[in-house]
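Summary of structural features
Read off the chains here:
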Amino acid sequence: MTVTTAERPTIAVRHLLARIGRYTFLCLVLAFFALPLLWLATAPFDDTPTVTASLPRFTLDNFRALLDNPYALRSLLNSVYLAAGTAALVVTFAALAAYALSRVRVPGRDALLYGLLLLSSIVTGTATMVPLFELAFRLNLIDSRLGVILILSGGLLPAAIFILKDFMDSTPASYEESARVFGASPLQIMRHIVVPLVRPGLATVGVWAVANVWGNFLVPFLLLRGPDKAPAAVIMYTLYTEGGQADLRLLSTFSLLYSLPVALMFVFVSSRYGFRFHGGIKR
Amino acid sequence: MSAITMRELTKVYPGGVRALDALDLDIVDGEFFALLGPSGCGKTTLLRTIAGLEVASGGSVHIGERNVTNLPPGKRDVAMVFQDYALFPHMTVQDNIAYPLRIKKVDRRERTGKAAETADELGLSALLQRRPGQLSGGQQQRVALARAMACHPQVFLLDEPLSNLDARLRLEARTFLKRLQRELGVTTVFVTHDQAEALALADRIAVMEGGRIRQVGTPTEVFRRPANTFVAGFIGSTPMNLVGTRVRGDELAVGAARLPLPDDARGQVTDGERLVYAVRPEYLDYSPTQVAGALSGQVVVVENLGSVSLVSLDVPTDDTDGGASSVQVVVAEGREPDPGDTGWVVPRPGRSLLYRDGDLVTAGAEAGVPAAAQG
């Protein structure tokens, strides 16, 4: 008894210290991630932004200056083209391929999928820069948005197929067999039954494709020659002052505009589909 | 409405599993037909082959006059209700029922009207705007049936129609299903592993084992005169008693007991022959005192089944098979013996059968075919 009463205060102190330490650590981690976001929120409204986050002297001049830049807004539109085109291609082809792979027994199917997944990270990576350029050149796809869309789609498809195949696998085959007995064709089954059931999966893949294209710098930088077709990720690279210094006023403002669409899309899709598997399937 | 005719129907899965083995079967127009057997016997494969979801490796399937062996499922004019009902979870009840019509390009107004009509027949009118996930098991089954009815097929195929329902609902659904089939008069084939379900629902039953049909007959035929010991053991809520025996002149010897030769087998057996004597527990009478023409043994287990009890006795039999075999008898309530008692069981006249090498010993007919058909 005497021992415990004597030890009790020290235990309590130790607990308190541990708790303080834990929270301090968490605050540091939080600050590490929050400060850049804070900078993104304040710097565009500051008339003399620096690389540190500070209380801005409020102004909207930066936005006006950005509007005067001939390429800034157009580049955002270009990004939308590229992202929408790629997402559409990836979702369509990944859905068809994943459905086929999920339903048809192919020997070595899983090995094929893993192989593709592995190789896909190479396709749009730095390693294949030269051959990709060569390929695009021979196919007359230099300085064409289609070329960028095709190459980005090629890079994203394997992972998209991999993700969607999982969704397809979890829908019971009896739905499709039932539709088949009623005379539905494979494309009708796909449209009426499979797509609605895996819609959350399609949304996931679509968002992921858009986010990927939105942030991709290398492929459009390589393949698009002029600034009038360049997407935002490439244009950001040109926002320098005449002296070669990063133009923080334009850069911060542009960064904000650049990140907003993707963030909004996430909020929208997540509220619409919740990134969960709906459908009430019980087996 | 059409008959279904199968000739030498064979299905071999990749890997060599022979699910259907040169199977001949005729299903009559308008009949409620059961495919019954233990799991893995090929009954579901047979149903799916009729539906066209499996492609036959050999032989033919005719529906009515049409050879459908190589037609895709959608062209066979059949409707199938799956074990899990396969209702599309993202569609309302109405859209589910109207789906076959949507495939047939019936315009929206007509098909919703037809769906509402069919739903009304099955008492689903109040549920049209619900999703399948909001329905009970019994309601889901009705929606699945309504969807199958909506396209007015020649044939209904039902895969384990009652197995997804709980016990109480199952009885209700059974009666409902039988009445519906009678009213519609559409040829209906269903698969079940539950012999009671098959006996209760079907006009005729095919009992299957290992990709072959072991017996086809009405529930009465299959129950009273199983063509072989497999069917005898499979049909009936309590399996048939099968006891080794030897012919002794005009009688059968089981251990020390002497039983009369079944009428059917008279003149079909030779003296001294070893056979299997079979009688259902329901067709045996228990007696606590000694009677002639009875098997006797010690009561081992008494199982209460409600209005009756199932009593198991160890009956000493012939030398060669180990000395004793278990015989079960159904005893009315209030007359149950206690374990350890010695009792006598008397087969009722005309209810016992003999099997030679697994097949029924019978005077008039070949096993599996009703006597009348043989002429």
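It should be emphasised that the depicted structure is a prediction, and the values quoted were computed from it without experimental measurement. (Residues numbered from 1 in each chain as written. Chains lettered and ligands numbered in written order. Predicted model: local features only at pLDDT ≥ 70, side-chain atom pairs only at ≥ 80, totals over all residues. Heavy atoms only, no water.)

**Let's talk about the overall build of chain B**
Our working rule: Numbering goes from the N terminus for both helices and strands, where a helix is a DSSP run of H or I of at least four residues and a strand is a run of E of at least two. Throughout this description, buried means an accessible area under 20% of the type-specific maximum (1.4 Å probe, protein chains only), exposed means over 50%, and partly exposed covers the range between. Contacts are assigned to residue pairs that have any heavy atoms within 4.5 Å of one another. Per-residue and other accessible areas follow the Shrake-Rupley method at a 1.4 Å probe size, with only the shown protein chains counted as cover for residues. Charge assignment: positive for Lys and Arg, negative for Asp and Glu; neither His nor the chain ends contribute. Here the site of a charge means NZ on Lys, CZ on Arg, CG on Asp, or CD on Glu.
A tally of regular secondary structure across chain B gives 9 helices and 21 strands. When burial is assessed residue by residue, chain B has 50% of its 375 residues classed as buried. A separation threshold of at least 6 residues defines the contact pool for chain B, and within that pool the share at least 24 residues apart is 67%. When the accessible surface of chain B is split by element, carbon and sulfur atoms take 48% of a total near 16,500 Å². Here chain B contributes 40 positive and 46 negative side-chain charges, whose respective centroids are spaced 8 Å apart.

**Points about the environment of Ala119 of chain B**
Residues and elements named next belong to chain B. Assignment of secondary structure puts Ala119 in helix H3 (residues 108-121). It is 8.0 Å that separates the C-alpha atoms of Ala119 and Gln94, two residues lying 25 residues apart in sequence. Other than its neighbours up to four places away in sequence, Ala119 contacts Ile97, Leu124, Ser125 and Leu128.

**Let's talk about the sheet that holds strand E20 (residues 353-356) of chain B**
The strands that make up a sheet are held in pairs by hydrogen bonds between backbone atoms, and each pair lies either parallel or antiparallel. All names here are of chain B. To keep things clear, this is the line we draw: Being paired, for any two strands, means DSSP has found at least two bridges between them.
Read across the open sheet, the 6 strands follow the order E13-E12-E11-E14-E20-E21; overall the sheet is antiparallel. Strands at the two margins of the open sheet, each flanked by one partner only, are strand E13 (257-260) and strand E21 (359-360). Pairing geometry for strand E12 (residues 251-254) and E13, over 4 bridges, is antiparallel. Bridge pairing links Glu251 to Pro260 in E13.

**So, the packing of helix H3 (residues 72-103) of chain A against helix H6 (residues 145-169) of chain A**
All names here are of chain A. To keep things clear, this is the line we draw: To define axes, lines are fitted to C-alpha atoms, for helices over the stretch in contact only, and angles between the resulting N-to-C directions are given on a 0 to 180 degree scale. Should an angle fall under 35 degrees it is called roughly parallel, over 145 degrees roughly antiparallel, and 65 to 115 degrees roughly perpendicular, with every other angle called oblique. The crossing is said to be left-handed when, going from far helix to near helix, the turn is anticlockwise and less than a right angle, and right-handed when the turn is clockwise. Residue type decides the class: Asp, Glu, Lys and Arg count as charged, Ala, Val, Leu, Ile, Met, Phe, Trp, Tyr, Cys and Pro as nonpolar, and the leftover types, Gly among them, as polar.
Viewed as axis vectors pointing N to C, H3 and H6 meet at an angle of 40°, and their least axial separation amounts to 6 Å. Put simply, H3 runs oblique to H6. For the element pair H3 and H6, the recorded crossing hand is right-handed. The class makeup of the residues in the contact of H3 with H6 is 21 nonpolar, 5 polar and 4 charged.

**As for the domain arrangement of chain A**
Residues and elements named next belong to chain A. For clarity, the threshold we go by: Residue ranges for the domains trace back to a domain assignment, done automatically or taken from a database. Buried area is understood as the total, over both parts, of accessible area removed when two parts are fitted together, assessed with a 1.4 Å probe. When a carboxyl oxygen of Asp or Glu lies within 4 Å of a side-chain nitrogen of Lys or Arg, that pair is called a salt bridge.
What the domain assignment reports for chain A is domain 1 (2-59) and domain 2 (66-273). Distance between the C-alpha centres of domain 1 and domain 2: 37 Å. Listed as interface residues are 9 residues of domain 1 and, on the opposing side, 7 residues of domain 2. Interface of domain 1 and domain 2: buried area, both sides summed, is about 650 Å²; carbon and sulfur atoms make up 81% of it. The largest share of the area that domain 1 buries against domain 2 comes from Leu40, Pro44 and Pro49, three residues that together contribute 61% of it. Run the count over domain 1 and domain 2 and you get 0 salt bridges.

**A short note on the environment of Val346 of chain B**
Residues and elements named next belong to chain B. Tracing the backbone through its elements, the reader meets Val346 in strand E19 (residues 342-347). Given the relative accessible area of 24%, Val346 is considered partly exposed. Placed 53 residues apart in sequence, Val346 and Gly293 show a C-alpha to C-alpha distance of 6.5 Å. Setting aside chain neighbours within four positions, we find Val346 in contact with Tyr283, Leu284, Asp285, Val291, Gly293 and Ala294.

**Points about the interface of chain B and chain A**
Opposite the 24 residues of chain B that make contact, chain A presents 19 residues. Across the chain B to chain A interface the summed buried area is about 1,900 Å²; carbon plus sulfur atoms make up 64%. Interface area lost by chain B to chain A is led by Pro89, His90 and Ile103 of chain B, which between them contribute 26%. Applying the counting criterion to the chain B and chain A interface returns 1 salt bridge. Notably, a salt bridge pairs Glu177 of chain A with Arg48 of chain B, separated by 2.7 Å at the nearest N-O pair.

**Observations concerning the UniProt feature "transmembrane region" (unreviewed entry) in chain A**
Basically, it comes down to this: UniProt positions are given in the numbering used here, feature names are shortened, and annotations may be inferred rather than shown by experiment.
UniProt marks residues 20-41, 80-101, 113-133, 145-164, 197-219 and 256-275 of chain A with the feature "transmembrane region" (unreviewed entry), using the numbering shown here. Its end C-alpha atoms 30 Å apart, residues 20-41 of chain A is made of 100% helix and 0% strand.

**Here we look at the sheet that holds strand E3 (residues 32-36) of chain B**
Residues and elements named next belong to chain B. Reading across the sheet, the 6 strands line up as E6-E7-E8-E3-E9-E10 and stay open at both edges, with mixed pairing between neighbours. Where the open sheet ends on each side, the last strands, each with one partner, are strand E6 (78-81) and strand E10 (212-217). Within this sheet the neighbouring strands show an average axis-to-axis angle of 20°, counted without direction. Bridge count between E3 and strand E8 (residues 187-192): 5 bridges; the pairing is parallel. Paired with Leu35 across the strands is Val191, a residue of E8. Helix-sheet contacts for helix H5 (residues 167-184) involve E3, strand E7 (155-159) and E8, and the interaxial angle to E3 is about 135°.

**A few points about the UniProt feature "domain: ABC transporter" (unreviewed entry) in chain B**
Per the UniProt record, the feature "domain: ABC transporter" (unreviewed entry) sits at residues 4-235 of chain B. Helix makes up 37% of residues 4-235 of chain B and strand makes up 25%, while its end C-alpha atoms are separated by 25 Å.

**Considerations on helix H8 (residues 186-197) of chain A**
Listing the buried residues of H8 of chain A in full gives Gln188, Ile189, Met190, His192, Ile193, Val194, Pro196 and Leu197 of chain A. Elements that come into contact with the buried residues of H8 of chain A comprise H3, H6, helix H7 (173-181) and helix H9 (199-215) of chain A together with helix H2 (93-103) of chain B.

**Here we look at a negative patch on the surface**
All names here are of chain B. What counts here: Note on patches: the residues involved have over 30% relative accessible area and no salt bridge, like charges join within 9 Å, and the nonpolar side chains Val, Leu, Ile, Met, Phe, Trp and Tyr join within 5 Å.
Together, Glu117, Asp120, Glu121 and Glu183 make up a region of like negative charge exposed at the surface. Looking at which element gives the most residues to the negative patch, the answer is H3, with 3 residues. If you trace the backbone, Asp120 turns up in helix H3.

**Looking at the packing of H3 of chain A against H8 of chain A**
Residue and element names in this part refer to chain A. Two elements in contact, H3 and H8, have axes whose closest approach is 12 Å; the angle formed by their N-to-C orientations is 90°. Judged by the inter-axis angle, H3 sits roughly perpendicular to H8. Contacts between H3 and H8 pair Ala95, Leu96 and Tyr99 from the former with Ile189, Met190 and Val194 from the latter. Classifying every residue of the contact of H3 with H8 by side-chain character gives 6 nonpolar, no polar and no charged.

**Brief notes about the side chain of Gln328 of chain B**
Residue and element names in this part refer to chain B. To be explicit about the condition: Polar contact is defined as a pair of N or O atoms within 3.5 Å, subject to the rule that within protein one atom must be able to donate a hydrogen and the other to accept it, and that residues adjacent in sequence are counted only when both atoms are side-chain atoms.
Along the chain, Gln328 turns up in strand E18 (residues 324-332). A polar contact of 3.3 Å, which involves the side chain of Gln328, links it to the side chain of Ser312. Each residue touching Gln328, except ones within four places of it in the same chain, is listed here: Pro239, Asn241, Pro281, Leu284, Glu303, Leu310, Val311 and Ser312.

**Quick word on the domain arrangement of chain B**
Note on interface size: it is often stated as the accessible area lost on association of the parts. Residues and elements named next belong to chain B. The domain boundaries assigned to chain B delineate domain 1 (4-227) and domain 2 (238-363). Computed from C-alpha coordinates alone, the two centres of domain 1 and domain 2 are separated by 39 Å. In this complex, domain 1 contributes 6 residues to the contact, which on the side of domain 2 involves 11 residues. Carbon and sulfur atoms make up 41% of the surface buried where domain 1 meets domain 2, a total of about 740 Å² over both sides. Joining domain 1 to domain 2, the criterion identifies 0 salt bridges. Applying the counting rule to domain 1 against domain 2 returns 4 residue pairs in polar contact (both at pLDDT 80 or more).

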